Amino acid sequence: MKLNKLKIGQLETSGNLFLAPMAGVTNLAFRLLCRQHGADITYTEMINSDALLSKNRKSFLKGLSSPYDRPFGVQLVGSSTEKLREAAIFVESEYRPEVIDINMGCPVQCIIGAGCGSALLKFPKLVSEIVSELTYALKTPVTVKIRILERDEKTLEIAQLIENAGALAITVHGREAKQMYSGSSDLVAIRAVKRELSIPVIANGDIKDEESAENTIEFTGCDGLMIGRAAMGNPFIFRRIRYYLETGQKLELDRQARQLEDFKSYITLLEEHNLLSSQNLRMHAHWFTKGLHSSRKIREKINGLKDEKAIFDLVRSSCKEKD
Ligand SMILES: Cc1cc2nc3c(=O)[nH]c(=O)nc-3n(C[C@H](O)[C@H](O)[C@H](O)COP(=O)(O)O)c2cc1C
């Protein structure tokens, strides 16, 4: 039994499985689906603080939630303390999330080029200022998500500084920014952070099945696990990992039926929350049909369709054929 509850400030979660923030992926519908399958806390994709403050509609939609999407975190990305603080105050009053996370890990060029994401880690003073200013300005717990640095002592230094500045949890993706997604997540580096800090440390990177989840939590001793890519088109991963960590047994499943059924639920949730036209359904369709023996046929059909409604109808009828 490795599914401990987790405390982030006053917030006590039901367990310690986190859905990672993912741009273009973790919209409200997807978060709700992951939650139904056992995610204990979910994060919005990163929201640019400047775009949010300039009332950009697309950015505004990213933070939307529902009473069933609790507890959830809103992740902000930015480089100016002032703007991050302003955006965080807006987020707190508009979306009322349980947690506000600051992205200090994104390695993508357009983000680091603007001095945001992992670029912040080069400026410890700024990191400290951002975390302490937000902690001071908000009632909501502030958390931070980082990547590791080239030298272990630098990772520890920055993690310690984030804790001292008032963050109430930290997520560590065990890759350096320059690696993007190459190599594998460094569990030794994550473990070192866990040993150094007193706040909850959430391990992230390459958790893709029951064994990797168990290995990560046992090896690092971390307080929680954050799952990203393995949940894309496969929110059922939370149910599988939860079941395994609780019982030591694996869930038997009919993957084909499961994925199509989940895709149908995903589309229904998008429709219920008026998100159907704002999301890239084709990308999700590709992920949800990955690995299925009929996937090529379904993907070809989807590529030929002109709008979300047509994709919706196709998936619904594919699910009926299976029933
Ligand atoms: C499509 C995609 C979008 C992502 N967007 C974000 C983001 O908005 N904020 C963030 O902190 N990390 C983002 N990430 C990184 C993930 O949160 C996570 O740290 C990374 O994928 C490693 O975990 P994994 O091996 O479980 O996928 C993104 C990753 C992917 C694949």
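From a predicted model like this one, the values you see are computed outputs, not experimental measurements. (Residues numbered from 1 in each chain as written. Predicted model: local features only at pLDDT ≥ 70, side-chain atom pairs only at ≥ 80, totals over all residues. Heavy atoms only, no water.)

## Observations concerning the site of the ligand
Point 1. The environment of the ligand is formed by 16 residues, the closest being Ala23, Gln75, Asn204, Asp206 and Arg229.
Point 2. Side-chain polar atom of Gln75 to a nitrogen atom of the ligand: 2.8 Å apart, as the coordinates give it.
Point 3. The contact in question runs from an oxygen atom of the ligand to an N or O atom on the side chain of Tyr181, over 3.3 Å.
Point 4. Compared with its free state, where it exposes 610 Å², the ligand has 88% of that area covered by protein.
Point 5. Each residue belonging to the shell around the ligand can be placed in one class, and the counts come to 7 nonpolar, 6 polar and 3 charged. (Near = heavy atom within 4 Å. Polar contact = N/O pair within 3.5 Å; in protein donor to acceptor, adjacent residues only side chain to side chain. Areas by Shrake-Rupley, 256 points an atom, 1.4 Å probe, with all protein chains shown as cover. Nonpolar A, V, L, I, M, F, W, Y, C, P; charged D, E, K, R; others polar.)

## A word on the pairing of strand S5 (residues 72-77)
Point 1. Burial analysis of S5 places 6 of its 6 residues in the buried class, which makes it a mostly covered element.
Point 2. Judged by which residues are buried, S5 turns out to be covered on both faces: Phe72, Val74 and Leu76 on one side and Gly73, Gln75 and Val77 on the other are all buried.
Point 3. With 5 bridges joining them, strand S4 (residues 41-48) and S5 adopt parallel strand pairing. Residue pairing in the sheet places Asn48 in a bridge with Val77 of S5.
Point 4. Here 4 bridges tie S5 to strand S6 (residues 99-104), and the two strands are oriented parallel to one another. Residue pairing across strands places Leu76 opposite Ile102, the latter belonging to S6. (Buried < 20%, exposed > 50% of the residue type's maximum accessible area, 1.4 Å probe, protein only. Helix = DSSP H or I, 4+ residues; strand = E, 2+ residues; numbered from the N terminus. Pairing = 2+ DSSP bridges.)

## A word on the environment of Glu196
Point 1. Take Glu196: it is sitting in helix H8 (residues 187-196).
Point 2. Dropping the residues within four chain positions of it, Glu196 is found in contact with Leu156 and Gln160. (Contact = heavy atoms within 4.5 Å.)

## Observations regarding the sheet that holds S4
Point 1. Reading around the barrel, the 8 strands line up as S3-S4-S5-S6-S7-S8-S9-S10 and close back on themselves, with parallel pairing between neighbours. On average, adjacent strands in this sheet sit at an angle of 30 degrees to one another, irrespective of strand direction.
Point 2. Pairing geometry for S6 and strand S7 (residues 142-148), over 5 bridges, is parallel. Among the inter-strand pairings, Met104 is bridged to a residue of S7, identified as Ile146. (Axes fitted to C-alpha atoms, helices over the stretch in contact; angles between N-to-C directions.)

## As for helix H11 (residues 255-272)
Point 1. Here H11 spans 25 Å end to end across 18 residues, near enough to the 26 Å set by a 1.5 Å rise per residue.
Point 2. If you check which residues of H11 are buried, you get Gln256, Gln259, Leu260, Asp262, Phe263, Tyr266, Ile267, Leu269 and Leu270.
Point 3. Just past H11, the residue Asn274 takes up positive phi, approximately 60 degrees. (Expected span 1.5 Å × (residues − 1).)

## A closer look at the pairing of strand S9 (residues 201-204)
Point 1. Of the two faces of S9, the one holding Val201 and Ala203 and the one holding Ile202 and Asn204 are both buried throughout.
Point 2. With 4 bridges connecting them, strand S8 (residues 169-176) and S9 associate as parallel partners. Among the inter-strand pairings, Ile170 is bridged to a residue of S9, identified as Val201.
Point 3. In this view, the connection linking S8 to its parallel neighbour S9 by way of H8 has right-handed handedness.
Point 4. Note: S9 against strand S10 (residues 224-227), 3 bridges, orientation parallel. Along S10, the bridge assignment pairs Ile202 with Gly224.
Point 5. A crossover connection joins S9 to the parallel S10 through helix H9 (residues 210-220); in handedness this β-α-β unit is right-handed. (Right-handed = clockwise from strand over helix to strand, strands pointing away.)

## Describing the domain arrangement of the chain
Point 1. The domains assigned to the chain are domain 1 (6-247) and domain 2 (255-322).
Point 2. Its C-alpha centre places domain 1 at a distance of 28 Å from the equivalent point of domain 2.
Point 3. Contacts between the two partners involve 17 residues from domain 1 and, on the opposite side, 14 residues from domain 2.
Point 4. For the pair domain 1 and domain 2, the summed buried surface comes to about 1300 Å²; carbon and sulfur atoms form 73% of the total.
Point 5. Three residues stand out in domain 1 for area buried against domain 2, namely Ala29, Leu33 and Gly233, and they jointly supply 32% of the buried area on that side.
Point 6. Across the contact surface, domain 1 and domain 2 share 0 salt bridges.
Point 7. No other element matches helix H1 (residues 28-36), which puts 6 residues into the side of domain 1 that touches domain 2.
Point 8. Residue composition of the side of domain 1 that touches domain 2, by class: 10 nonpolar, 7 polar and no charged. (Domains from an automatic or database assignment. Buried area = accessible area lost by both parts, 1.4 Å probe. Salt bridge = Lys/Arg side-chain N within 4 Å of Asp/Glu carboxyl O.)

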